[in-house]
Amino acid sequence: MTPEQISDFQRDGFVIVPDFLTSGMVNDLRSRFEPLFRGEFDTGLYPDEWNWREGRDEQSLTRQICNGWKCDRTVASIVLSKPVGQACAELGAWPGARIAQDNVIWKPAGARSLGFHQDDSYIQWVDPPSYVTCWMALDDTSAAGGTVEYARGSHKWDLTDMQPEYFHAPDDYQATIREAAEASGSNVDLVSVEVPAGGCAFHHGRTWHGSGPNEGSVQRRAIVAHCISSEARFHPNNVNYIYSRYKTAGSLNMDETFFPVTWSDKGYRSPMIESFINGTATFPGADPD
Ligand SMILES: O=C(O)CCC(=O)C(=O)O
């Protein structure tokens, strides 16, 4: 990141980069959406969260998979890539970055909203509980098409408790941010991330964001890498109903099989990343052939 991008991020709580992924990467990622939401996982592992399944869930919902990288090498090759980790570490002023969660998000034309929230509300099971996120657009995005919206400067507001149920298709997707703005005595200054396919935005873990219904005529797909510091540890007491399953007794260490280090200022990357992405290891915890 340039010094200007870092200072924009510190001032606004986000920075937009209009050209981040190549068109080849965008096409490869797009081709994985249909198989993934049908449940075709090339490693044989289920994702940590699978919020929409073909044939089971309502067409009007925005579709989401969390930690698709564990199931799919194409998703892994982007969310575990060095540039994503390096940019997040530089913006977070960390010595390195590891992945805590990814999102595969598919909002077809006509699909409903995702509620406004702060990502750090959902990472209290980690110490330090701070995300920097890279949100990557796989279609040209527009306000009418339900792109992600950021509230400029809202990373300086207090952290609010959120319930996971609020996130998916709330009746009023901006209700929470209006309450938070009132509580902090601030105005809401919303910015829609309008970028070509392959563009991205990085946001601070406390920046309020959400996305409206897709009132356009084309689908809106995105891949999101939520990074934490390479130094992060499990919180000793706070439990997350999914991710605390990866904590082992007697240790606060975040095992690199599940939370790989994707970039560090010492040149380190978790060795399992390369063997998993190149296919010599058949799934993230497998030993290479
Ligand atoms: O893509 C969206 O609409 C929301 C993404 C999101 O919540 C995030 O990147 O943290």
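Let me sum up the structure you'll find in this document. Every chain is numbered independently, its residues counted from 1 as its sequence is written. pLDDT decides what is reported in this predicted model: residues at 70 or higher carry local features, side-chain atom pairs at 80 or more are listed and counted, and totals for whole chains, interfaces and linings draw on all residues regardless.

### Structural notes on the site of the ligand
Keep this limit in mind: Any residue whose C-beta atom, as placed from the backbone, lies within 6 Å of a molecule or strand is termed near it. By the criteria applied, helices consist of DSSP H or I runs no shorter than four residues and strands consist of E runs no shorter than two, each listed in order from the N terminus.
Taken together, Ile105, Leu114, Asp119, Thr133, Trp135, Val148, His209, Ser211, Ala222 and Val224 are the residues near the ligand. Mapped by element, the contributors of at least two residues to the shell around the ligand are strand E7 (132-137), strand E11 (209-211) and strand E12 (220-229).

### Points about the sheet that holds strand E8 (residues 148-151)
Keep this limit in mind: Strands were regarded as paired on the criterion that DSSP finds at least two bridges between them. In this description, a line fitted to the C-alpha atoms serves as the axis of each element, helices being fitted only across the stretch in contact, and the angle between N-to-C directions of two axes falls anywhere from 0 to 180 degrees.
Read from one edge of the open sheet, four strands run E5-E11-E8-E9, paired in antiparallel fashion. Both edges of this open sheet fall to strand E5 (114-117) and strand E9 (190-192), since each of them pairs with a single strand only. Across this sheet, the average inter-strand angle for adjacent strands is 25°, counted without regard to direction. The pairing of E8 with E11 spans three bridges and is classified as antiparallel. Bridge pairing in E11 links Val148 to Ser211.

### With respect to the nonpolar core
Filter applied, for reference: Note on terminology: a nonpolar core is a set of buried residues of type Ala, Val, Leu, Ile, Met, Phe, Trp, Tyr or Cys, with members joined through C-beta atoms within 7 Å. The burial criterion counts other C-beta atoms lying within 10 Å of a residue's C-beta, which is placed from the backbone; the residue is buried at 20 or more, exposed at 12 or fewer, and partly exposed between these limits. Contact between two residues is assigned whenever their backbone-derived C-beta positions fall within 7 Å.
Within the largest apolar cluster, 71 residues are counted, with the highest numbers of intra-cluster contacts made by Val79, Cys88, Cys134, Met136, Phe202, Ile223 and Cys227. For Val79, the contacting residues outside a window of four places in its chain are Trp69, Val84, Ile99, Asp102, Ile223 and Ala225.

Functional significance is not addressed by these values, which are geometric in nature.
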